[in-house]
Amino acid sequence: MARIIAEVSRTFNEYLLLPNRTRTDCSPGAVDLRTPLVRHRVGDASAIELHSPFTSAIMQAVSSPELAIALARNGGLSFVHHNQSIEEQAAAVRKVKNFKAGFVTSDTNVRPDDTLSHLVSVMHRTGHSTAAVTHDGSAAGRLLGLVTSRDFHPQRHDLDGPVSGRMTAIADLPHADCDITLSAANARLWDERLDCLPVLDDDGHLQHLVFRSDYADNKRFPNQVVDGGKRLRVGAGVNTHDYRERVPALTEAGADVLCFDSSDGYSDWQAQALTWVKKHYPEIPIGGGNVVDGEAFTFLAEAGADFVKVGVGGGSICITRDQKGIGRGQASAVLDVAAAREAFVERTGEYVPVCSDGGLVHDYHVALALAMGSDFVMMGRYFARFDQAPGAKLPTRDGFVKEYWGEGSNRARNWQRYGQGGQGLIFEEGVDGYVPYAGDLNEGLAVTIAKIKSTMVSCGSTSLREFQSSARLTLVSEQSFQESHANVTVRDTSATVA
Ligand code: RVP
C-alpha cells in the first residue's frame with residue numbers, strides 16, 4: 001500500500017527567520033560567505049570552496065561562458081550546460097579557463113578592405129569603439145592595424161572608403177608579446193599614453209587587447225574563485241548517456257568540477273555513472289541529483305557524489321509537478337536532505353555539501369535555503385535576467401525582458417535530461433518564457449549578497465556554518481504572510497531618483 005508521508009510539503013514562502021541576538025562584532029563586513037563545494041573529511045577544507053554560495057543552473061539560457069566568467073569573478077561558479085555537442089561544451093569550458101582578467105578577446109574585427117560603413121555597423125552591433133583590423137577579419141587573424149571611432153567622422157570621410165585608409169597601421173602601433181603580465185601591460189598603457197595595447201603571438205596574430213579601463217575593473221573582484229594556476233574555476237553538466245565520452249573531454253578542457261544533471265537523480269543509472277567516473281577520473285569532483293529526500297541523498301552520497309543537488313519541480317520554468325505529479329516543496333526537501341547529510345557526517349566523518357536548486361524567487365529565499373542546511377544554491381531565473389546570460393534582450397512597453405526557457409521545453413530539445421524512455425520529448429516538462437531584464441550581474445549580485453549578509457547579521461551569524469546551526473525558523477500563517485508586505489499604496493519614486 002502506498003505510504004503517506006505525514007509532513008506537509010512546504011515552500012520557502014511558508015517560513016521566516018527569527019532574529020537572534022546580534023553581537024557588536026557581527027556586522028556585514030565581518031560576514032564570511034565562503035562555503036564548501038565538494039565532499040571532504042570533517043575538519044579538513046573542501047578541495048574547492050566558493051567565496052559566495054551561488055551556482056548558475058545547467059541550462060542553455062543561463063550558463064554561457066560569459067556568465068560563468070562573471071559569476072566566478074564574483075565568488076560563485078557556473079556549470080556549463082551539456083545540451084550541446086561534447087566539442088562545443090569543451091570549447092565553452094576552455095573559454096572560461098583561458099579567460100585572463102584584463103586580456104580581452106577582440107569582438108570588433110574587420111578586414112583592411114572592408115568599408116568604413118561596414119565598420120560603423122560592426123561597432124554599432126558590439127557597442128565597442130575600438131576595432132582590430134586583421135588580414136581575415138577574425139579575432140585571431142594577423143593584426144594589420146587598429147581603428148577607433150575617433151579615427152573617422154561620417155561627415156568628413158567617405159564611408160565607402162576602405163578601413164585601411166583610416167587605421168593606425170601595425171608599424172606605428174605599440175604592441176606586446178603574449179608573455180606580458182597585466183600589470184606590465186597596464187604600466188605601458190599609462191607610460192605610453194595608450195588606450196589599448198594589442199597582444200600578439202610570434203607570428204603577429206592577435207591574441208588579446210588590453211584596455212586601460214579593464215585594469216581598474218579587475219581590482220573590483222577580490223572574491224574571485226580561481227584554481228592553483230589563478231584561472232577562474234568553472235563546472236560542467238554531464239548526463240548518464242554519453243558520460244564515457246563527455247567526462248574525458250571536459251576534464252581535458254580543464255573543468256574543475258562536474259555535475260550529473262537530471263530531473264530525477266534517484267536512479268541506478270546515476271549511481272552506475274558516478275561509480276564509473278570515480279573509478280576512471282578520481283581526480284575530478286562530481287555532484288549528483290536532483291533529489292528531494294534523505295533516502296535519495298544517502299543513495300547518491302554512498303555512490304560517491306561529491307555534492308548533492310536538491311529540487312524536483314520547483315524551478316520557475318518547470319511543469320514537472322503538473323505533468324508527472326512528482327516533486328516536493330523545496331523547503332521540505334532541503335530540510336529532509338540536510339538532516340540526512342548530518343546523519344551521513346555522523347556515520348562516515350565525510351561532509352557532502354548540499355545544493356538547493358530551483359524555485360528561489362526572492363533574495364530572502366536564498367537566505368532561507370542556506371539557513372535550512374544548503375551549502376550553496378543553484379539558480380536559473382535569477383541569472384537569466386542579467387546582461388551576461390545568453391537569452392535575447394527584448395523591448396516591451398515597460399522596459400526590457402530576457403528570454404528564459406526550461407531544459408524540459410520543446411525549445412531546449414534536451415533529451416539527455418528529459419528523454420522519456422529514450423524516445424525524445426513526448427511531452428514537455430518546462431516552458432519557454434521571459435524574465436524581467438536586470439542589467440549587469442556584478443551589480444545585481446552585489447545587492448543580493450548585501451541582503452544575505454544583512455539577514456545573517458540579524459540572525460547573529462558571521463559564517464554560513466554558524467547560520468545553519470543557530471537559525472530559528474517559524475512557519476507563517478496566510479495572515480502573517482499578508483502582513484509581510486507593504487500595506488499602503490506605494491509611491492513610485494523611480495522618476496524622481498537621480
Ligand atoms: P529557477 O532558478 O527557479 O529558474 O530553476 C532552475 C532549475 O530548474 C534548474 O537548475 C533545473 O534544476 C530546473 N529546470 C531546468 N529546466 C527545467 C524544466 O524545463 N523543467 N527545470
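All residue numbers refer to position in the chain's written sequence, counted from 1. Selection of residues for local features in this predicted model requires a pLDDT of at least 70, selection of side-chain atom pairs for listing and counting requires 80 or more, and totals for whole chains, interfaces and linings are taken over all residues. Calculated side-chain values reflect all of the structure's heavy atoms, with hydrogen atoms and water omitted.

Engineer: I'm lost on helix α3 (residues 116-126) in this one. Help?
Structural biologist: Every α-helical turn comprises 3.6 residues, leaving residues that sit three or four positions apart pointing alike. Relative accessibility under 20% of the residue-type maximum defines a buried residue, over 50% an exposed one, and the middle range a partly exposed one, all with a 1.4 Å probe and only protein chains included. Helix and strand assignments come from DSSP, with helices taken as H or I runs of at least 4 residues and strands as E runs of at least 2, each series counted from the N terminus. Those residues of α3 lying buried are Leu116, Leu119, Val122, Met123 and Thr126. Burial along α3 is one-sided: seen end-on, the buried residues are contained in an arc of 115°. In α3, the exposed positions that point more than 90 degrees away from the buried face belong to His124 and Arg125. Immediately beyond the C-terminal end of α3, within one or two residues, lies Gly127, with a positive phi of roughly 75°. The arc in question is traced by the directions running from the helix axis to the C-beta atoms.

Engineer: Can you help me understand unusual backbone geometry in this one?
Structural biologist: When glycine is set aside, most residues are seen to have a negative phi, and most peptide bonds are trans. Cis geometry marks the peptide bond from Gly289 to Asn290, where omega comes out at 5°. Within the secondary structure, Asn290 sits in strand β17 (residues 286-291). Even without glycine at this site, Arg193 takes up a positive phi of about 50°. Following the sequence through the fold, Arg193 ends up in the loop between α4 (182-191) and β13 (196-200). Assessed through its relative accessible area of 74%, Arg193 is described here as exposed. In this structure, Lys230 takes a positive phi of about 65° despite not being glycine. Here Lys230 is to be found in the loop between α5 (212-218) and β15 (235-238). For Lys230, a relative accessible area of 71% corresponds to the exposed category.

Engineer: Please explain the UniProt feature "active site" (unreviewed entry) in the protein as it appears in this structure.
Structural biologist: UniProt positions are given in the numbering used here, feature names are shortened, and annotations may be inferred rather than shown by experiment. If you check UniProt for "active site" (unreviewed entry), the listed places come out as Cys318 and Arg417 in our numbering. Mapping Cys318 onto the fold places it in the loop between β18 (308-310) and α9 (320-324). We call two residues in contact when some of their heavy atoms are within 4.5 Å. If sequence neighbours within four positions are ignored, Cys318 has contacts with Gly313, Glu429 and Gly430.

Engineer: For this particular structure, what's the right way to read the site of the ligand?
Structural biologist: We define proximity as follows: a residue is near a molecule or strand when any one of its heavy atoms falls within 4 Å of that partner. Around the ligand lies a shell of 23 residues, among which Ser316, Asp357, Tyr404, Gly408 and Glu429 are the nearest. Polar contacts, as counted here, are pairs of nitrogen or oxygen atoms within 3.5 Å of one another; within protein the pair requires one atom able to donate a hydrogen and one able to accept it, and residues that are adjacent in sequence qualify only if both atoms are side-chain atoms. Take Asp357: an N or O atom from its side chain is 2.5 Å from an oxygen atom of the ligand. In the model, an oxygen atom of the ligand is placed 2.9 Å from a nitrogen or oxygen of the Arg381 main chain. When the free accessible area of the ligand is taken as 490 Å², the share hidden by the protein chains comes to 96%. Of all the elements in the fold, those that place two or more residues in the shell around the ligand are β21 (376-379) and α13 (415-418). Classifying every residue of the shell around the ligand gives 8 nonpolar, 10 polar and 5 charged. Method for areas: the Shrake-Rupley scheme with a 1.4 Å probe, in which residue coverage is limited to the protein chains shown. Residue classes follow a fixed rule: Ala, Val, Leu, Ile, Met, Phe, Trp, Tyr, Cys and Pro count as nonpolar, while Asp, Glu, Lys and Arg count as charged, and any other residue, Gly among them, counts as polar.

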